[in-house]
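This is what each chain is made of:
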Amino acid sequence: MNQSLTTNTPEVSRTASFWSTWRWWLPPAIAALALVLYFVDPFIGDWDGLDYTMLSLSGYPSSMALGRNLFIFSNHLLFVVSRSLFQLQPENAYLLFKYVVVAQAPLAVVAVWVLARDLSGSLFASTMAALLVVFSPVFVLYGGQVMTDVPSVLVLTVALIVHIRGVQQKKLWMILVGAALMGLGVNLRETVGFYTPWLLLAPYVFGWKFGKREVVYVVASCAVFGLLAFGWFGYWFVTDPQYRLLWHGWRESMRDESARHPVELANLRPYLLYFFITAPVLFLTLPFAPLREWRKHRLSPMLALWLVALFANLLLFFNYSTTINWRYFLTGLPGLVPLGAVWLISFGEKKLGSKRRALLAWTGVILLFGLVFFILVRPISFEFIQRRAMSRDYVHRLESVPTDAIMISGAQTVAVHYWAAIGDGDWQTIGTGGGWPGDKLFSTVENHLAQGRRVFIDSDPRWWLPCSWQRDEIPTIVELEHHFSFRHLTDTIYEVRPLNDPTARDHPDLKRLLPENRPEDTKKCPPGRR
């Protein structure tokens, strides 16, 4: 029958007390916390994290996609309360936001354990599923940053647990709460919305006989999901003209980025590589786990969820960002690991004679993959992480320029915005990436100079990586030397002056930034960014 979840193993009842099984879920949770703390980012994290921190301080939604409202406004509330009770200063607020994410990592692992146990009825499979998440390199690294990825895993998994239990018991309030949590999850990461088919598919695979009441339940759950997924964004878009302007600006920058990174078959290589890195052992189960489940139980709830999660990850192929950023594959992780874990335990049991031996053996394999990843990737990732951490100290460079200066700072553009938002200055930027003016760079600088503004460029090669979009921007930066003269200020910072300024006769040697002059740096570019 469709209503059965999968094999009923004698090892545990699905109704067994959560607390009575603490020996199974607590070790993975502790391991997750320990790993995240060991690899915790020395500052805020990815550049998006600096944006989230600034917006959380001001209480304003992001212009990206649907606004990341749940993440930003929950952080804003935490900041307001902490500032009132503990006099938390804005420059230290990132620590609060970051360690709230850290605290959610073990909770996400426990939630995955519960979801897998609800679907499989197996302590061994549920623990295996939790370990697949614990040792996901992406989960570990982003569990220590002010980023939405790990919180979205937690909220999505809890939403699935509640919704599944509601469908099993035909309790409307649980179905609606699960749909509501999933909708709120879209306000953490929009990719949570890729699980929408589950709201339609779940009642069928749990054996519902559709009558008027059942149809009302499904329609109501979809309505609640839609309201909470899009309502927050809709409010800001309708009521705030400034937000509409910013959002359309984001859309325009996304069109430009999509043109630079078109969807093509060549993207399949980084796509599969990042999919693999997210959870290597899980990736190896993809061809086998669904076939075994189909042969034994046809379209079981666990297989249906696996298909929805795989669908979510497949949709990522059509987003240009997937080819240059590895973290998006956390989207499918909660739905993929239960079935993958069941297959691993079953396969291991056949080869080794017991589920316990299978669990221990696969844990060893996961640890081996983790060790290899640490040895091979850690030096490169460490360099990128340390470069991002330099944003914390970039304020000291900004102290050498006027507080109203226009900065061309490459990868540290977001750091300039961050320290201006903190209140240390009123610096503005000529941005990189989405804010890059392209061929209009020269006229933009000329306009600022004509208005009496002072423009500075930081020529530090660390801020001008020969990777991804900056690779295309560097040649234009080099061309600045043919349009302007320069006055050396300090270290790698030069003031950009009109070409006929007799007081500006220094040479910044911007040609050294070109990719062809930096072969060693180019080799370090991740796949898809070269």
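Residues numbered from 1 in each chain as written. Predicted model: local features only at pLDDT ≥ 70, side-chain atom pairs only at ≥ 80, totals over all residues. Heavy atoms only, no water.

1. Examining the overall build of the protein chain
Now for step 1: The helix and strand tally for the protein chain stands at 22 helices and five strands.
Now for step 2: For 530 residues, the compact-globule estimate of 2.2 N^0.38 gives 24 Å, and the C-alpha radius of gyration of the protein chain, at 25 Å, lies within 12% of that figure.
Now for step 3: Dimensions along the principal axes, computed over C-alpha positions, put the protein chain at roughly 85 × 50 × 50 Å.
Now for step 4: By residue count, 55% of the 530 residues in the protein chain fall in the buried class.
Now for step 5: When the accessible surface of the protein chain is summed, it comes to about 22,600 Å², and 64% of that surface belongs to carbon and sulfur atoms.
Now for step 6: Of the side chains in the protein chain, 48 bear a positive and 39 a negative charge, and the two mean positions are spaced by 15 Å. (Helix = DSSP H or I, 4+ residues; strand = E, 2+ residues; numbered from the N terminus. Rg over C-alpha atoms; globule rule 2.2 N^0.38 Å. Buried < 20%, exposed > 50% of the residue type's maximum accessible area, 1.4 Å probe, protein only. Areas by Shrake-Rupley, 256 points an atom, 1.4 Å probe, with all protein chains shown as cover. Lys, Arg positive; Asp, Glu negative; His and termini not counted. Charge placed at Lys NZ, Arg CZ, Asp CG, Glu CD.)

2. Looking at the confidence of the model for the protein chain
Now for step 1: Per-residue confidence for the protein chain averages 90 on the pLDDT scale, and 94% of its residues sit at or above 70.
Now for step 2: Below a pLDDT of 50 lies the segment residues 1-10, which in the model reaches 32 contacts outside its immediate sequence neighbourhood of four places, other chains included. (pLDDT = per-residue confidence, 0-100. Contact = heavy atoms within 4.5 Å.)

3. Observations regarding the packing of aromatic side chains
Now for step 1: One pass over the structure, following the stated rule, counts 36 aromatic pairs.
Now for step 2: Measuring from centroid to centroid gives 5.6 Å for Phe 233 and Trp 247, while their planes differ by 55°, and the two rings are tilted. Here Phe 233 is found in helix H10 (residues 212-239), whereas its partner Trp 247 is found in helix H11 (residues 241-260), with 14 residues between them in sequence.
Now for step 3: On the accessibility criterion, Phe 233 (13% relative accessible area) is buried.
Now for step 4: Aromatic ring contacts, followed pair by pair, group Tyr 60, Phe 73, Trp 232, Phe 233, Tyr 235, Trp 236, Phe 237, Tyr 243, Trp 247 and Trp 250 into a single cluster.
Now for step 5: Geometry around Trp 208 places Lys 170 over its ring, the cationic atom sitting 5.3 Å from the centre. (Phe/Tyr/Trp six-rings, centres within 6.5 Å; stacked < 30°, edge-to-face > 60°. Lys NZ or Arg CZ within 6 Å of the ring centre and 35° of its normal.)

4. Description of the pairing of strand S4 (residues 484-490)
Now for step 1: As paired strands, S4 and strand S5 (residues 493-498) are joined by six bridges and run antiparallel to one another. Each bridged residue has a counterpart across the sheet, and for Ser 485 the counterpart in S5 is Arg 497.
Now for step 2: Here S4 folds back onto S5 in antiparallel fashion, the turn holding two residues, of which Asp 491 has a positive phi close to 50°. (Pairing = 2+ DSSP bridges.)

5. Points about helix H20 (residues 441-450)
Now for step 1: All of the buried residues in H20 are Leu 441, Phe 442, Val 445, His 448 and Leu 449. All buried residues of H20 project into a common sector of 130° when viewed along the axis, lining one side.
Now for step 2: Elements that come into contact with the buried residues of H20 comprise strand S1 (406-408), strand S3 (455-458), helix H21 (468-479), S4 and S5.
Now for step 3: Backbone geometry just after H20 places Gly 452 at a positive phi near 85°. (Arc of directions from axis to C-beta.)

6. A few points about the environment of Met 147
Now for step 1: Relative to the helices and strands, Met 147 is located in the loop between helix H6 (137-142) and helix H7 (149-169).
Now for step 2: Residue contacts for Met 147: discarding those within four places in its chain leaves Asp 46, Asp 48, Gly 49, Tyr 52, Phe 71, Val 101, Tyr 142 and Arg 327.

7. Focus on helix H14 (residues 289-297)
Now for step 1: Along H14, the positions that sit buried rather than exposed are Ala 289, Pro 290, Arg 292 and Glu 293. One side of H14 holds all its buried residues, which, seen down the axis, span an arc of 160°.
Now for step 2: Arg 298 sits one or two residues past H14 and shows a positive phi near 55°.

8. Some points on the packing of helix H3 (residues 69-86) against helix H4 (residues 93-120)
A pair of packed helices is characterised by two quantities: the angle between their axes and the separation of those axes.
Now for step 1: Following both chains from N to C, one finds H3 and H4 inclined at 125°, their axes separated by 10 Å at the closest point. With respect to each other, H3 and H4 are oriented oblique. Taken as a pair, H3 and H4 cross one another with a handedness that is right-handed. Along the contact surface, H3 presents Phe 71, Asn 75, Leu 78, Phe 79 and Ser 82, while H4 presents Ala 93, Leu 96, Phe 97, Val 100 and Val 101.
Now for step 2: Along the lines of polarity and charge, the residues of the contact of H3 with H4 split into eight nonpolar, two polar and no charged. (Axes fitted to C-alpha atoms, helices over the stretch in contact; angles between N-to-C directions. Parallel < 35°, antiparallel > 145°, perpendicular 65-115°, else oblique. Left-handed = near helix turned anticlockwise from the far one by under 90°. Nonpolar A, V, L, I, M, F, W, Y, C, P; charged D, E, K, R; others polar.)

9. Considering unusual backbone geometry
Now for step 1: One non-glycine residue, Ala 65, lies in the positive phi region at around 50°.
Now for step 2: In this fold, Ala 65 is placed in the loop between helix H2 (47-58) and H3.
Now for step 3: Classification of Ala 65 as buried rests on a relative accessible area of 15%.

10. Some remarks on the side chain of Ser 62
Now for step 1: With respect to the element layout, Ser 62 can be found in the loop between H2 and H3.
Now for step 2: Assessed through its relative accessible area of 3%, Ser 62 is described here as buried.
Now for step 3: Every residue in contact with Ser 62, bar those within four places of it in the chain, is listed here: Leu 55, Gly 67, Arg 68, Ile 72 and Tyr 243.

11. Thoughts on the nonpolar core
Now for step 1: Met 182, Trp 198 and Ile 477 are the most contacted members of the largest nonpolar core, which has 164 residues in total.
Now for step 2: Here this core gets 16 residues from one element, more than from any other, and that element is H4. (Core = buried A, V, L, I, M, F, W, Y, C linked by side-chain atoms within 4.5 Å.)

12. Some details on a positive patch on the surface
Now for step 1: Taken together, the side chains of Arg 295, Lys 296, Lys 350 and Lys 351 define a basic patch exposed on the protein surface.
Now for step 2: Counting only elements with at least two residues in the positive patch, the list comes to H14 and helix H16 (333-352).
Now for step 3: Relative to the assigned elements, Lys 350 resides in helix H16. (Patch = residues over 30% accessible without salt bridge, like charges linked within 9 Å, V, L, I, M, F, W, Y side chains within 5 Å. Salt bridge = Lys/Arg side-chain N within 4 Å of Asp/Glu carboxyl O.)

13. A short note on the environment of Val 134
Now for step 1: Along the chain, Val 134 turns up in helix H5 (residues 123-134).
Now for step 2: A relative accessible area of 0% places Val 134 in the buried class.
Now for step 3: C-alpha separation for the pair Val 134 and Ile 164, spaced 30 residues apart in sequence, amounts to 23 Å.
Now for step 4: When near neighbours in sequence (up to four residues on either side) are disregarded, Val 134 contacts Pro 28, Ala 31, Ala 32, Leu 35, Val 109 and Val 140.

14. Some remarks on a nonpolar patch on the surface
Now for step 1: A cluster of nonpolar side chains, contributed by Tyr 38, Leu 368, Leu 371, Val 372, Phe 374, Ile 375 and Leu 376, occupies part of the molecular surface with about 720 Å² of accessible area.
Now for step 2: A per-element tally of the nonpolar patch places helix H17 (residues 355-389) first, with six residues.
Now for step 3: Its location among the elements puts Phe 374 in helix H17.

15. As for the pattern of salt bridges
Now for step 1: Overall, the coordinates contain 19 salt bridges when judged by the stated rule.
Now for step 2: Linking Arg 189 and Asp 149 is a salt bridge whose minimum nitrogen-to-oxygen distance equals 3.8 Å. With Arg 189 in the loop between helix H8 (172-186) and helix H9 (196-205) and Asp 149 in helix H7, this pair connects stretches of sequence that are 40 residues apart.
Now for step 3: Note that Arg 497 is salt-bridged to Glu 495, the shortest N-O span being 3.9 Å.
Now for step 4: Within the structure, one salt-bridge network assembled from shared partners comprises Asp 46, Asp 48, Asp 149, Arg 189 and Arg 327.

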